[in-house]
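Okay, here's what each chain looks like letter by letter:
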Amino acid sequence: MPLFISNRQYSVWINESRRVNFDLTSPNEWIVTTEWNSTNIQFYFPTKNTILSKSSMSKPFERFYNLYQKQNRKINPAFTALIQARGETTRIPPLFAFGPWKQTGNVLRNQTEIDVVRRMIERDIPITIWIGFLHFFPRGAQQGHENDTLQENHIYRDQGVTSLCYFNTYVSTLYKKLFNEGLEKNYFLKNDSNLPYFGDIISRHFFVASVDFSNPNATRWYQEQVQESIDLGFNGFMLDFGEYTPINSISANGENGHEMHNHFIELYQKAIYDITINSTAISQLLALHPNETNDLNQNYQSDFVFQTRSGFTNSAQYTQLHWTGDASADWNPYSGLPAHVQACLSVGISGVPYCSSSIGGYVCEVYPDLTVELLTRWLQVGTFSGFMHDETEGSGCTQERVQIFTNNQTEYVWRKYAKFRTQLFPYIFTSVHEAHATGLPITRHHLLTYYDDEIAIQQEYQYTFGNDLLVALVIQQNQVTQNVYLASDEKWIDLSTNLVCDDSTDGRYQIGRSEIVQGGQWKMNVKADLLTVPLFARVGSIIPLLDPSVFTLNHGQPISIYDRSYILHLWIFLNEFKEANGLVWDGFNIHINSCNLNQSLCIDIDDPLQRLLILQLPFDKSARIITASGMQPFERVMNWQIVTKILPKEQLQNCFTYDERKQVIWIAIVLFQQSSFHGQIDF
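Per-chain numbering applies: the sequence of each chain, read as written, is numbered from 1 onward. Under the rules for a predicted model, residues below a pLDDT of 70 receive no local features and side-chain atom pairs below 80 are neither given nor counted, while totals for whole chains, interfaces and linings still include all residues. The basis for the side-chain values is all heavy atoms of the structure; hydrogens and waters are excluded.

Draft legend 1. Structural context of helix α1 (residues 59-68). Here the term buried applies to any residue with accessible area under 20% of the maximum for its type, exposed to any over 50%, and partly exposed to those in between, with areas from a 1.4 Å probe on protein chains only. Numbering of helices and strands starts at the N terminus; helices are DSSP runs of H or I of at least 4 residues and strands are runs of E of at least 2. Listed in full, the buried residues belonging to α1 are P60, F61, F64, Y65, L67 and Y68. For α1, the arc enclosing every buried residue in end-on projection is 165°, short of the 170-degree limit, so these residues lie on one face. When checking whether two residues touch, look at their non-hydrogen atoms; a contact exists if any pair is within 4.5 Å. In this structure, the buried residues of α1 make contact with α10 (290-293), α15 (425-438), β28 (580-583) and β29 (589-595). Each direction from the helix axis to a C-beta atom contributes to the arc, which is the arc of those directions.

Draft legend 2. Structural context of the nonpolar core. For this analysis, a nonpolar core means a set of buried residues of the types Ala, Val, Leu, Ile, Met, Phe, Trp, Tyr and Cys, connected via side-chain atoms within 4.5 Å. Residues F98 and Y222 are the most contacted members of the largest nonpolar core, which totals 182 residues. Take this core: its biggest share by element is 7 residues, from α15. Look past the residues within four positions of Y222 in its chain and what remains in contact with it is F137, F167, N168, T169, V211, F213, L239, Y268 and I272. In terms of nonpolar packing, the next biggest core, distinct from the first, is built from 14 residues, Y566, C655, W666 and V670 among them.

Draft legend 3. Region of the structure containing the sheet that holds strand β5 (residues 41-44). Read from one edge to the other, the open sheet built from 3 strands follows the order β1-β2-β5, with strand pairing classed as antiparallel. Both edges of this open sheet fall to β1 (3-5) and β5, since each of them pairs with a single strand only. Across the sheet, the axes of successive neighbouring strands diverge by a mean angle of 15°, strand direction being ignored. DSSP-based pairing: two strands are paired if at least 2 bridges between them are found. Relative to β5, strand β2 (residues 11-14) is paired through 4 bridges, and the arrangement is antiparallel. Across the sheet, residue W13 finds its bridge partner in β5, namely Q42. Only C-alpha atoms enter the line fits that serve as axes; for helices the fit covers just the stretch in contact. Angles between N-to-C directions range over 0 to 180 degrees.

Draft legend 4. Spotlight on the sheet that holds strand β10 (residues 198-199). Across the sheet, 3 strands lie side by side as β9-β11-β10; this open sheet has antiparallel pairing. Looking at strand neighbours, the two that pair on one side only are β9 (170-172) and β10, the edges of this open sheet. Two elements, β9 and strand β11 (residues 208-210), share 3 bridges in a ladder whose sense is antiparallel. Along β11, the bridge assignment pairs Y170 with S210. Helix α5 (residues 176-184) contacts β9, β10 and β11 of the sheet and is inclined by roughly 115° relative to β9.

Draft legend 5. View of the state of the cysteines. Disulfide: a pair of cysteine sulfur atoms within 2.5 Å of each other. If you walk through the whole model with that rule in mind, you get 2 disulfides. Linked covalently through their sulfurs, C344 and C355 form a disulfide whose S-S length is 2.2 Å. Residues C344 and C355 are joined by a disulfide whose S-S torsion is about -75°; by sign, that bridge is left-handed. Residue C344 is found in helix α12 (residues 337-349), and its partner C355 is found in strand β15 (residues 355-356); the two are separated by 11 residues along the sequence. For the pair formed by C344 and C355, the shared burial category is buried. Across the disulfide from C595 sits C602; the S-S distance is 2.2 Å. In this structure, the disulfide formed by C595 and C602 twists by about 95° around the S-S bond and is classed as right-handed. Like C602, C595 is buried.

Draft legend 6. Layout of helix α6 (residues 216-231). Take the number of residues in a helix, subtract one, and multiply by 1.5 Å to get its expected span. With 16 residues, α6 extends 23 Å from end C-alpha to end C-alpha; this agrees with the ideal 22 Å at 1.5 Å per step. For α6, the set of buried residues is A218, T219, W221, Y222, Q223, Q225, V226 and S229. In the analysis that follows, any N or O atom pair within 3.5 Å is treated as a polar contact, provided that within protein one partner can donate a hydrogen and the other can accept it, and provided that, for residues neighboring in sequence, both atoms belong to side chains. One side-chain oxygen at the N-terminal end of α6 lies 2.9 Å from the backbone nitrogen of N217; it belongs to N215. At the exit of α6 stands G233, carrying a positive phi of roughly 100°.

Draft legend 7. Molecular detail of the layout of surface pockets. For the second largest pocket, the calculated volume is near 740 Å³. Considering the residues around the second largest pocket, the lining is formed by 35 residues, among which Q71, R73, N467, R538 and N581 are closest to the centre. Mapped onto the lining of the second largest pocket, the elements with two or more residues apiece are α1, α15, β26 (542-545), β28 and β29. Residues were grouped as follows: Ala, Val, Leu, Ile, Met, Phe, Trp, Tyr, Cys and Pro as nonpolar; Asp, Glu, Lys and Arg as charged; and all remaining residues, including Gly, as polar. Of the residues contributing to the lining of the second largest pocket, the split by class is 11 nonpolar, 12 polar and 12 charged. Detection works on a 1 Å grid of protein atoms alone, calling trapped sets that fit a 1.4 Å probe cavities and calling open sets with protein on both sides within 12 Å along at least five of seven lines pockets, with lining residues defined by an atom within 4 Å of a point. Grid points are joined across faces, edges and corners, and a volume is the space filled by probe spheres set on the points.

Draft legend 8. Examining the pairing of strand β31 (residues 612-618) more closely. Burial analysis of β31 places 7 of its 7 residues in the buried class, the great majority of the element. The alternating pattern of β31 places L612, I614, Q616 and P618 and L613, L615 and L617 on opposite faces, both of which are buried. As paired elements, β31 and strand β35 (residues 664-670) share 7 bridges and run antiparallel to each other. In the strand pairing of β35, L617 is matched with I665.

Draft legend 9. Region of the structure containing the environment of W414. As for its position among the elements, W414 is in helix α14 (residues 408-423). On the accessibility criterion, W414 (3% relative accessible area) is buried. Separated by 371 residues in sequence, W414 and F43 place their C-alpha atoms 45 Å apart.

What follows is the structure in structure tokens.
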């Protein structure tokens, strides 16, 4: 996108859809050149308001918005000024977009893709979205398979899995029914002879024409084709291409390919965005009254997901998710894993909040095929990306390509990180709401939040994931330690050493007590073996999580987010004053502070959903007693397994224990009869 943001707290946006070149190499000046004699250069300087004004809000988002305003989060004011100038942020994508995705082609020989999903269920490897490969465009691959496709999608849905298919901007001459209709009604881009513009843009084996989205009738026609996929049971698709508008093409609005090159992308994406309206998932999860559902579309998109490859200035408004294109399956800093980490951080600075790369890469022509090490590191990247997805069928990749069921290790790491991604959902979806309020991406380059720390903004492969987690990904081969720069103005706790996945049972993650580390310095040789992600938590933060038994963020089997919506887990990282605060997208908030002359901890909670809360609180000594207003004293139990045991609601009880080895207090708080809690931990 033709913009940049300076650490000197100003931003520059070239409000131009034609080609723009930047030269920022000089320390004293920057140079902008365009293909035309004049252009529109706009400067934006700091603004005091870091939250975008919302003229009207749905009730669920308004609850979050009012709580979030009190957080006083630090955001680069030049970024906020730029976002405000561009207009509204994208509405919140459906919640299931933020669980693990999986493409299943080329995974199990002589077995169907449904068999792959069933094996994942058997092995307790979470999957929320199945990435199908059925191409509606350009060739109409669904023709003649409609009944089978609908039946298969019903099977996926019963298993708790959302199905995706594939669309792009092109119609092949081989898709005769649709091609002839578009030709007859002038729905395609034209050449300078006023004839449809044909080309072998995406394949040497057939010719295509491009839908002309500057023609409103062509746009409605395209939306009708999308509706066909919905009628066949798909809940979204890969929205591919868009960036190849021919220079010498002519659009219905009279603009040529130079003028339309980037504007075409926005019209293409807006065509899909306009058909994403209300979210039934949000309504069901929050058990909203019918009166509260009427205005959900002001902030939430429908239960329909699409990922796009191309983008331009208004893509932040008209899209949901962006992936970085066809990555090479290697460590190459210009095309492989490192390059795509940088790409997502860059697009985040541009105001696009949800970005990811295909786990394992896609292109194998130049370098050796995918290895177990590279797959593992890419899984770690996917876990801490805007969304988590892969591609199992690559360009030039061998049939023996490493994938989820190659061996015990690949299956183990896939389960480990799919579990983590699923458990982190409340934290991630809270960050999604923050993105709607501020424009901040989930994966945040330090320029956006630590813009006055010059060392921090020089880091190219570490970032904050949401507001409270700092991740320093390993993007080099054979690396077992990592040097991490801890951003200033904060204090941090190293999770890398004490975060343990209980892989032998339900894949639960447990934290341990670590010392607080001052920001503004390097922490050298942080543990980063193949199964470890260098990860730090901001002190004073509280991380919300799902119960580890949750398999899918959809309705369905085996255990869905709706089955465990009455449970919320919390990781608590007290600061040096023994304080911490937390906020969840659904209106939950919690405050912990030292009280009684530093002899106790006081806990105040507001939970409109009245859930079972399970806390992990690292502390250097055990609690003596826990009391709360209107409740019996908490029972001390033998171990954390009792605290976390899932029982019928009427059998659940307030209780606590202390893990001596990890120095963690485990607490269960039952709020089924009340929405507020005022408690005290005495030592």
